[in-house]
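Working through the structure, step by step
Listed below are the residues making up each chain.
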Amino acid sequence: MNVSFRKLVPEDAGRLLSLQHSLDEETAFMLLEPDERQTSVQQVREMIKSKERSVNSILIGAEANGELAGYISVSGGDLKRIRHSAYIVIGIRKAFQGLGIGSGLFREMEAWARTSGIVRLELTVMAHNERGIALYKKCGFEIEGMKKKSLYIDGEWIDEYYMGKILD
């Protein structure tokens, strides 16, 4: 399978929104439930433009066989005291999981982060998302804490781990 990674641009808005809708349907590990996402293509386009204007934020996509298979969103802090820190969201379609796309997205993101003044990377992950936790640990993230009853999904309370990585 031919996989390539690149910075997403405003023209990718429709493809990214379609990918996000697919992820909302396929997995319970993303924040939004199916049919909860109300974002328009124009709003996604504006969000991509906003990331383009930022020195410490980026959206990177993974294309496999001509399809947008996954993405990683990096959102850096705006304030001086947290400008060195960035929050990460990653999503990969089920059909493309287990093919090294997640590791590739993290590799691309980290290379970019090291040239962008980012020192701290952070994310949250549902405590029962074993595959996600394994990927993040493989990429050098450590569990820093627990958000108890962080989410309420299908009548169940879900804890989340805070995970972080310091770029030296």
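Structural notes, computed from the coordinates. (Residues numbered from 1 in each chain as written. Predicted model: local features only at pLDDT ≥ 70, side-chain atom pairs only at ≥ 80, totals over all residues. Heavy atoms only, no water.)

Scanning the entire structure with this criterion turns up three aromatic pairs. Plain terms: the ring middles of Phe-106 and Phe-141 are 5.5 Å apart, the flat faces sit at 70 degrees to each other, and that makes the pair edge-to-face. In this pair, Phe-106 is assigned in helix α3 (residues 101-114) and Phe-141 in the loop between α4 (130-138) and β6 (142-153), connecting sequence segments 35 residues apart. On the accessibility criterion, Phe-106 (2% relative accessible area) is buried. By relative accessible area, which is 3% here, Phe-141 ends up buried. Three or more aromatic residues joined by ring pairs make a cluster, and in this case those are Phe-106, Tyr-136 and Phe-141. (Phe/Tyr/Trp six-rings, centres within 6.5 Å; stacked < 30°, edge-to-face > 60°. Helix = DSSP H or I, 4+ residues; strand = E, 2+ residues; numbered from the N terminus. Buried < 20%, exposed > 50% of the residue type's maximum accessible area, 1.4 Å probe, protein only.)

With respect to the helices and strands, the residue Glu-63 is situated in strand β2 (residues 58-64). Looking at Glu-63, its side chain comes within polar contact range of the side chain of Arg-15, at 2.7 Å. Setting aside residues no more than four positions away along its own chain, Glu-63 makes contact with Asn-2, Val-3, Ser-4, Arg-6, Arg-15, Leu-68 and Ala-69. (Polar contact = N/O pair within 3.5 Å; in protein donor to acceptor, adjacent residues only side chain to side chain. Contact = heavy atoms within 4.5 Å.)

As a packed pair, α3 and α4 sit with axes 10 Å apart at the nearest point and diverge in direction by 40 degrees. Accordingly, the angle class assigned to the pair α3 and α4 is oblique. The element α3 and its partner α4 pack so that their crossing is right-handed. Of α4, the residues touching α3 (which contributes Gly-102, Ser-103 and Phe-106) are Leu-135, Tyr-136 and Lys-138. Residue classes in the contact of α3 with α4 are distributed as three nonpolar, two polar and one charged. (Axes fitted to C-alpha atoms, helices over the stretch in contact; angles between N-to-C directions. Parallel < 35°, antiparallel > 145°, perpendicular 65-115°, else oblique. Left-handed = near helix turned anticlockwise from the far one by under 90°. Nonpolar A, V, L, I, M, F, W, Y, C, P; charged D, E, K, R; others polar.)

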